[in-house]
Amino acid sequence: GAVVSQHPSWVICKSGTSVKIECRSLDFQATTMFWYRQFPKQSLMLMATSNEGSKATYEQGVEKDKFLINHASLTLSTLTVTSAHPEDSSFYICSGNRYDNEQFFGPGTRLTVL
Amino acid sequence: QKEVEQDPGPLSVPEGAIVSLNCTYSNSAFQYFMWYRQYSRKGPELLMYTYSSGNKEDGRFTAQVDKSSKYISLFIRDSQPSDSATYLCAIPFTGGGNKLTFGTGTQLKVEL
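Given the structure is predicted, the values throughout are model-derived calculations rather than measurements.

*Asks:* I'm lost on the nonpolar core in this one. Help?
*Replies:* Of all hydrophobic cores here, the largest spans 25 residues; its most connected members are Trp35, Phe67, Leu79, Tyr92 and Leu111 of chain A. Among the secondary structure elements, those contributing two or more residues to this core are strand 2 (10–13), strand 3 (19–25), strand 4 (32–38), strand 5 (44–51), strand 7 (67–73), strand 8 (76–81), strand 9 (90–97) and strand 11 (109–113) of chain A. The greatest single-element share of this core, amounting to three residues, is contributed by strand 3 of chain A. Core analysis: the next-biggest nonpolar cluster, separate from the first, contains 24 residues, Leu21, Ile72, Tyr87 and Ile91 of chain B among them.

*Asks:* Help me understand the packing of aromatic side chains, please; the structure alone is not making it clear to me.
*Replies:* The geometry of an aromatic ring pair is captured by the separation of the ring centres together with the interplanar angle, meaning the angle of the planes. This structure, assessed with the given rule, holds ten aromatic pairs over all chains. A ring pair is formed by Tyr36 of chain A and Phe105 of chain A, whose centres lie 5.6 Å apart and whose planes are at 45°; its orientation type is tilted. On the criterion of sequence distance, the pair formed by Tyr36 of chain A in strand 4 and Phe105 of chain A in strand 10 (residues 103–105) is long-range, its members being 69 residues apart. Assessed through its relative accessible area of 0%, Tyr36 of chain A is described here as buried. On the basis of relative accessible area, Phe105 of chain A is assigned to the buried category, the value being 10%. Of note, Lys56 of chain B hangs over the ring of Tyr49 of chain B, and the distance from its end group to the ring centre comes to 4.0 Å.

*Asks:* For this particular structure, what's the right way to read the side chain of Arg37 of chain A?
*Replies:* Residue and element names in this part refer to chain A. Within the secondary structure, Arg37 sits in strand 4. Here Arg37 sits buried without a salt bridge, and the closest side chain of opposite charge, Asp88, lies 4.6 Å off (N-O distance). Not counting the four nearest positions on each side in its chain, Arg37 is found in contact with Ser43, Leu44, Met45, Met47, Phe67, Ser90, Phe91 and Tyr92.

*Asks:* Could you clarify how one ought to interpret the interface of chain B and chain A in this entry?
*Replies:* A common way to express how large an interface is: the accessible area buried when the components associate. With 17 residues of chain B at the interface, the matching set in chain A holds 20 residues. Regarding the contact of chain B and chain A, the summed buried area is about 1,400 Å², with carbon and sulfur atoms giving 52% of it. The tally of links from chain B across to chain A stands at one salt bridge. Across the pair Lys99 of chain B and Glu59 of chain A runs a salt bridge whose closest N-O atoms are separated by 2.9 Å.

*Asks:* Mind showing me how you'd approach the sheet that holds strand 7 (residues 61–66) of chain B here?
*Replies:* To summarise the sheet geometry, strands pair through backbone hydrogen bonds and adopt either a parallel or an antiparallel arrangement. Residue and element names in this part refer to chain B. The five strands are arranged 1-3-8-7-6 in an open sheet whose pairing can be described as antiparallel. The open sheet has two free edges, formed respectively by strand 1 (4–6) and strand 6 (54–58), since each of these has just one partner strand. Neighbour to neighbour, the strand axes of the sheet diverge by 20° on average, direction disregarded. Across five bridges, the pairing between strand 6 and strand 7 is antiparallel. Paired with Lys56 across the bridge in strand 7 is Ala63.

*Asks:* Looking at this structure, how should I read the pattern of salt bridges?
*Replies:* In a structure, side chains of opposite charge can pair up when their charged atoms sit close to one another. Under the defined criterion, the tally for this structure stands at eight salt bridges over all chains. Taking the shortest distance from any N to any O, the salt bridge between Glu102 of chain A and Arg98 of chain A comes out at 3.8 Å. With a relative accessible area of 24%, Glu102 of chain A lands in the partly exposed category. Note that Glu57 of chain B and Arg77 of chain B form a salt bridge whose closest N and O atoms lie 3.4 Å from each other.

*Asks:* Please clarify how unusual backbone geometry should be interpreted in this entry.
*Replies:* Glycine aside, residues mostly have negative phi angles, and peptide bonds mostly take the trans form. Residues His7 of chain A and Pro8 of chain A are joined by a peptide bond in cis, for which omega reads 0°. Position of Pro8 of chain A among the secondary structure elements: in the loop between strand 1 (4–7) and strand 2. Unlike most non-glycine residues, Ser83 of chain A shows phi in positive territory, near 45°. Position of Ser83 of chain A among the secondary structure elements: in the loop between strand 8 and strand 9. Within the chain, Arg41 of chain B stands out as a residue other than glycine whose phi angle is a positive 65°. By the secondary structure assignment, Arg41 of chain B is in the loop between strand 4 (33–38) and strand 5 (45–50).

*Asks:* Help me understand the pairing of strand 8 (residues 71–76) of chain B in this model?
*Replies:* As a general feature of sheets, a regular strand has side chains that alternate between the two faces. Residues and elements named next belong to chain B. Pairing of strand 3 (residues 19–25) with strand 8, which is carried by six bridges, proceeds in the antiparallel orientation. Opposite Ser20, over in strand 8, you have Phe75 as the bridge partner. With six bridges joining them, strand 7 and strand 8 adopt antiparallel strand pairing. Its bridge partner being in strand 8, Ala63 is matched across the sheet by Leu74. Hairpin connection of strand 7 to strand 8: four residues between the antiparallel strands, including Lys70 at a positive phi of 55°.

Basis of the calculations
Residues numbered from 1 in each chain as written. Chains lettered and ligands numbered in written order. Predicted model: local features only at pLDDT ≥ 70, side-chain atom pairs only at ≥ 80, totals over all residues. Heavy atoms only, no water. Core = buried A, V, L, I, M, F, W, Y, C linked by side-chain atoms within 4.5 Å. Buried < 20%, exposed > 50% of the residue type's maximum accessible area, 1.4 Å probe, protein only. Helix = DSSP H or I, 4+ residues; strand = E, 2+ residues; numbered from the N terminus. Phe/Tyr/Trp six-rings, centres within 6.5 Å; stacked < 30°, edge-to-face > 60°. Lys NZ or Arg CZ within 6 Å of the ring centre and 35° of its normal. Lys, Arg positive; Asp, Glu negative; His and termini not counted. Salt bridge = Lys/Arg side-chain N within 4 Å of Asp/Glu carboxyl O. Contact = heavy atoms within 4.5 Å. Buried area = accessible area lost by both parts, 1.4 Å probe. Pairing = 2+ DSSP bridges. Axes fitted to C-alpha atoms, helices over the stretch in contact; angles between N-to-C directions.

Keep in mind that these numbers describe shape and distance, not what the molecule does.
Have a look at this one:
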């Protein structure tokens, strides 16, 4: 299967700071990438759809000004959590959509906000 | 009603057991269904998908869809400790766009 990487895999930050998470498709081009959030013992919740060269589409209840998404190229999407607070602590997972519409997931980024 | 509901588990079985994991869904229009496996602190990986009712087999794994009762199942034969993970069913997001809605996941532990 295709490979998606995320960086960093784990980040701890202070409340009020911003954190950027990168999602890269390593061996395929992804015109669409998705960002999910997963709280402990809960399922993945879709946050937004990231389209290369255009604005992201956010799901209901997700603040677009807080979770900034940039899809700069066909292999890179970034999620920036602005002014992070402890309730933003979660496991953030991205996925890339391959040409055949199969989604490949990254390994996730664990964010802890102190 | 949630679009997809999954038995939460956790489920603990001895090595070699047959495991049955189940989900129900609400929208009869869904055409395909997926099962993902997620190891602790990792992203999900696609195990199987099926487009229709009936069974689909891949090695020790069998996916079953019963559209009349809106029920999907994943069976694991001869379960191994390496099968210990969280299993998530997924269905297409209402509204399309190749988005997915996931069940809550069933945590499985296969013990020696």
